[in-house]
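Each chain, written out:
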Amino acid sequence: MQRLSQGSAKIMSVLPGVADPPFQATRPARFARESIEQTVTITERYSAKDIVVLEGLEAVRRRPSMYIGSTGPRGLHHLVWEVVDNAIDEAMAGHCTLIDVTLQKDGSVRVSDNGRGIPVGLHTQTRMSALTTVLTVLHAGGKFEKGSYQVSGGLHGVGVSVVNALSERLDAEVRREGRIWTQSFEKGLPMGKVEKGRKVARTGTTITFLPDTEIFRETRTFSRATVASRLRELAYLNRNLRIRLTDGRESPAHTESFQYKGGIRDFVAHLNRKNDVVNARQIVVEDQDEDAEMELALQWTTGYQENVLSFVNNIRTAEGGTHEEGFRRALTKVANEFGRAKNLIKERESNLTGEDAREGLTAVLSVRVKNPQFEGQTKTKLGNTEIRSYVEKALNKALPEWLEKHSPEARAIITKALGAAKAREAARKARELTRRKSLLESTSLPGKLVDCSSRDPSESELFIVEGNSAAGPAKQARDSRIQAILPIRGKILNVERARLGKALMNKEVRSIITAVGTGIGEEFDIEKCRYHKIVLLTDADVDGSHIRTLLLTLFFRNMRGLLETGYIYIAQPPLYRVKRGAKVIYLKNDAELEALRQKHPRINPTRFKGLGEMNPDELWDTTMNPGTRTLLKVQTNNLAAVMEENELFRTLMGDDVPARREYIRTHASDIRFLDV
């Protein structure tokens, strides 16, 4: 499916043309060069004067990735999230109803809200204006003080100060106490004191920042689609809040507005808008106590994929946490109790597992906690143990009441889960009959895996190669110290149309899972990944594109953490070889061939029918050599991307033929090859 390979930027954050990190792998022994060893003797004395203390925001500028994750597109957009989150905190506190985000022509971003406005009075501890303090001092903010905010997303107090530190320029405008107050900064340093301006009736804060090119060297261009998806998500999570996005880089300016009266109920409806659903009426649970609030919306589809999105104080918890644990426990318990009570689960039958109960489930769980404990500033996992019991207790009461009140839909949900249980049991028995011990349960690696000698995952690479004919040259060309080869036969199972049990019965799928080492589903553990580069090496034709798509679907549905971490890559083997005298030119696609023909009309290209036609030297030089190759990095790292990808995989790989036909018709102008 060429759309999913050449056009991957529209599926996941594929970074075209990204060169490998600056480590130089050695060539195979037959290509070895003499090495030069150098011994360095340290004679300098190490004393107190060598200890460097970084003051103010200098530490942020020295190590920006510690605060925003990276200095690439992900970190760039994180600046927007930090500023917007401050406005969202005002909304959660009941003081903000409108947030305006503008992408400006000069590359800057302006975020404005109608909240209370950042205080501008003298801070007793820093002896500076509170506005200056918030923008220049790490761990300074109203979220530490009880009574300022009941709940908030950015609890570490580093958000807007980090944005300031990493911006070439930042302008703050506060509407408060009947006046406009302004202050400007360059690279985190104030260019003057807070200035008192004209009188104004309304209140609020406007932050305008321009990212620093010294920090963001890869790109300083914001993606409107990425920003829009995050703002839409925030509008779903904050019922009735209006968020407006303007892209002033276009003429005329493009404007979108997001506001949802139904909140997360509308969110689930949006996620399931192209699915056949089991329960037409969603299960919606709302609960509140002194220290936490919870909202949950559930709806099952006739499909097999689980899609549970969880949030804490509007922050997406991609790695889950105690709130998800409480939800999963309660759902499994209540499903079994209802099934037993209605005799849907017979006396001698085993209980449903959690995976059975959640098959086909789309859910949005949002909790708001006064004092959340996150794992790091990236806030990907909640650690509060009391939230587990809070969520579990609330759902143990609310879910049975809904199931009793809506018995026909409740029975359909349990029947769906029972179908999943029977399929799981049938798959287990089939595996036991076909082999004594499942490959997934074995500690041994697949027999056809040609492993590398290194046991350091950070430098190890796994090439998943299409066919034995291509595996031969790849095995000869590889650097055996860091490069492993796993050949697969033809097109693997389309997991979008199959339950997990059926997928695990597929020999090629099992080989991939075992070789990677992370496990799948609930057992997935990224720390067990044996290779930090998993490279899909397929032919540069339609069949190769389809195989890549099937592999990406497997990773997206069952090992999504590999994509979120950025461990998946697509190799770029050439499709043509052109000889011009003593010079050999390799071309990746028809577009490159056409461009060369414009300059040299009389060339006579040789088309590779497959990787198997390339000799080891050619494959190494064009595709496998870390010093000369080009890889496409396939990565998804935010909910907006996941939602878009989820819908695209469902459309192109699912059972809805009319939807796939319409997608192809709509995008026909920019799809050269599409094999579905």
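None of the values given here were measured: they were computed from a predicted structure.

Bringing the overall build of the protein chain into the picture now. When you go through the protein chain residue by residue, the secondary structure sums to 20 helices and 23 strands. Within the protein chain, the fraction of its 676 residues that count as buried is 52%. Taking the contacts inside the protein chain whose residues are at least 6 apart along the sequence as the reference set, 70% of them involve residues at least 24 apart. When the accessible area of the protein chain is evaluated, it comes to approximately 32500 Å², of which 48% is carbon and sulfur surface.

Once that is clear, we can look at helix α7 (residues 264-271). Every buried residue of α7 is accounted for by Ile264, Phe267, Val268 and Leu271. For α7, the buried positions fall inside an angular range of 95° around the axis, keeping them on one side.

This next bit is on the packing of aromatic side chains. What characterises a pair of aromatic rings is the spacing of the ring centres plus the angle enclosed by the ring planes. Applying the stated criterion to the full structure yields 4 aromatic pairs. A centroid spacing of 4.0 Å and a plane angle of 15° characterise the contact between tyrosine 236 and tyrosine 260, whose relative ring orientation is stacked. One end of the pair, tyrosine 236, is in helix α6 (residues 224-237); the other, tyrosine 260, is in the loop between β10 (254-258) and α7, with 24 residues separating them in the sequence. Using a relative accessible area of 4% as the deciding quantity, one classes tyrosine 236 as buried. Judged by relative accessible area, which is 17%, tyrosine 260 ranks as buried. Measuring from centroid to centroid gives 6.3 Å for phenylalanine 267 and phenylalanine 311, while their planes differ by 40°, and the two rings are tilted. Of the two residues, phenylalanine 267 sits in helix α7 while phenylalanine 311 sits in strand β13 (residues 307-312), which places them 44 residues apart along the sequence. Grouped by ring-pair contacts, the aromatic residues Tyr236, Tyr260, Phe267 and Phe311 constitute a single cluster.

Of all hydrophobic cores here, the largest spans 62 residues; its most connected members are Ile99, Val101, Phe209 and Leu231. Top contributing element to this core by residue count: helix α3 (residues 73-92), with 10 residues. Setting aside its immediate chain neighbours within four residues, phenylalanine 209 contacts Leu79, Val80, Val83, Ser108, Val109, Val163, Ser167, Arg169, Leu170 and Phe222.

Following serine 251, the chain continues into proline 252 via a peptide bond in cis, with omega recorded as 0°. Of note, proline 252 is situated in the loop between β9 (242-247) and β10. A positive phi angle, close to 50°, is found at lysine 187, a residue other than glycine. Among the secondary structure elements, lysine 187 is positioned in the loop between β5 (179-186) and β6 (189-190). The residue asparagine 240 is not glycine, and still its phi comes out positive at about 75°.

Glancing now at the environment of glutamate 496. As for its position among the elements, glutamate 496 is in the loop between β17 (483-488) and α13 (500-504). In sequence terms glutamate 496 and leucine 554 are 58 residues apart; their C-alpha atoms lie 8.0 Å from each other.

Taken in spatial order, the 3 strands line up as β21-β20-β22 in an open sheet, and their pairing is antiparallel. At either end of the open sheet lies a strand with only one pairing partner, and these are β21 (583-587) and β22 (606-607). Where strand β20 (residues 576-580) meets β22, 2 bridges bridge the pair, whose relative direction is antiparallel. Counted as the bridge partner of tyrosine 576 is arginine 607 from β22.

This part takes up the sheet that holds strand β11 (residues 283-288). Pairing within the open sheet is mixed, and its 5 strands lie in the order β11-β12-β15-β13-β14. Two strands lie at the open edges of the sheet, namely β11 and β14 (315-316), each paired on one side alone. Bridge count between strand β12 (residues 292-300) and strand β15 (residues 361-369): 9 bridges; the pairing is antiparallel. Directly across from glutamate 295, in β15, lies its bridge partner serine 366. Lying on the sheet, α6 is in contact with β12, β13, β14 and β15; it crosses β15 at an angle near 75°. Along the sheet, helix α10 (residues 385-405) makes contact with β11, β12 and β15, crossing β12 at roughly 45°.

Let's shift gears to the pattern of salt bridges. Once their charged atoms are close, side chains differing in charge can pair, the charge on each being opposite to the other. For the coordinates displayed, the defined rule picks out 36 salt bridges. Here arginine 232 makes a salt bridge to glutamate 256, at a shortest N to O gap of 3.9 Å. Taken together, the positions of arginine 232 in helix α6 and glutamate 256 in strand β10 put the pair 24 residues apart, joining distant regions of the chain. Between arginine 481 and glutamate 459 there is a salt bridge whose closest N-O contact spans 2.8 Å. Of this pair, arginine 481 sits in the loop between α12 (468-477) and β17 while glutamate 459 sits in the loop between α11 (407-434) and β16 (461-466); the two residues are 22 residues apart in sequence, bridging distant segments of the chain. The structure contains a network of salt bridges with shared partners spanning Arg61, Lys187, Asp212 and Glu214.

A contiguous patch of negative charge, built from Asp289, Glu290, Asp291, Glu293 and Glu386, is present on the exposed surface. Secondary-structure assignment places glutamate 290 in the loop between β11 and β12. On the accessibility criterion, glutamate 290 (69% relative accessible area) is exposed.

Let us look at the packing of α6 against α7. Here α6 crosses α7 at 135°, and the two axes come no closer than 7 Å. It follows from the interaxial angle that α6 and α7 lie oblique. For the pair formed by α6 and α7, the contact residues are Glu233, Tyr236 and Leu237 on the first element and Ile264, Asp266, Phe267 and His270 on the second. Of the residues belonging to the contact of α6 with α7, the class tally is 4 nonpolar, 1 polar and 2 charged.

Bringing the pairing of β9 into the picture now. Two elements, strand β2 (residues 98-103) and β9, share 6 bridges in a ladder whose sense is parallel. Residue pairing in the sheet places aspartate 100 in a bridge with arginine 244 of β9. Across 5 bridges, β9 lies against β10 in antiparallel orientation. Bridged to leucine 245 within β10 is glutamate 256. As consecutive antiparallel partners, β9 and β10 are separated by 6 residues.

Mean pLDDT over the protein chain: 82, with 80% of residues reaching 70 or higher. This stretch, residues 46-54, has a pLDDT under 50; its non-local contacts, to residues over four places away or in other chains, come to 4 contacts.

You can see threonine 518 is positioned in the loop between α14 (507-516) and β18 (533-537). Once you skip the residues sitting within four places of it in the chain, threonine 518 turns out to touch Ile513, Glu523, Phe524, Asp525, Ile526, Lys528, Cys529, Met559 and Leu562.

Okay, the environment of serine 108 next. In this fold, serine 108 is placed in the loop between β2 and β3 (109-113). Once the C-alpha coordinates of serine 108 and threonine 221 are considered, the two residues, 113 residues apart in sequence, prove to be 9.1 Å apart. Discounting residues that sit within four places of it in the chain, serine 108 has contacts with Thr102, Leu103, Thr208, Phe209 and Leu210. There is a polar contact of 2.8 Å between the side chain of serine 108 and the side chain of glutamine 104. In terms of polar contacts, serine 108 uses its side chain to reach the side chain of aspartate 106, at 2.6 Å.

The rules behind each value
- Residues numbered from 1 in each chain as written.
- Predicted model: local features only at pLDDT ≥ 70, side-chain atom pairs only at ≥ 80, totals over all residues.
- Heavy atoms only, no water.
- Helix = DSSP H or I, 4+ residues; strand = E, 2+ residues; numbered from the N terminus.
- Buried < 20%, exposed > 50% of the residue type's maximum accessible area, 1.4 Å probe, protein only.
- Contact = heavy atoms within 4.5 Å.
- Areas by Shrake-Rupley, 256 points an atom, 1.4 Å probe, with all protein chains shown as cover.
- Arc of directions from axis to C-beta.
- Phe/Tyr/Trp six-rings, centres within 6.5 Å; stacked < 30°, edge-to-face > 60°.
- Core = buried A, V, L, I, M, F, W, Y, C linked by side-chain atoms within 4.5 Å.
- Pairing = 2+ DSSP bridges.
- Axes fitted to C-alpha atoms, helices over the stretch in contact; angles between N-to-C directions.
- Salt bridge = Lys/Arg side-chain N within 4 Å of Asp/Glu carboxyl O.
- Patch = residues over 30% accessible without salt bridge, like charges linked within 9 Å, V, L, I, M, F, W, Y side chains within 5 Å.
- Lys, Arg positive; Asp, Glu negative; His and termini not counted.
- Charge placed at Lys NZ, Arg CZ, Asp CG, Glu CD.
- Parallel < 35°, antiparallel > 145°, perpendicular 65-115°, else oblique.
- Nonpolar A, V, L, I, M, F, W, Y, C, P; charged D, E, K, R; others polar.
- pLDDT = per-residue confidence, 0-100.
- Polar contact = N/O pair within 3.5 Å; in protein donor to acceptor, adjacent residues only side chain to side chain.

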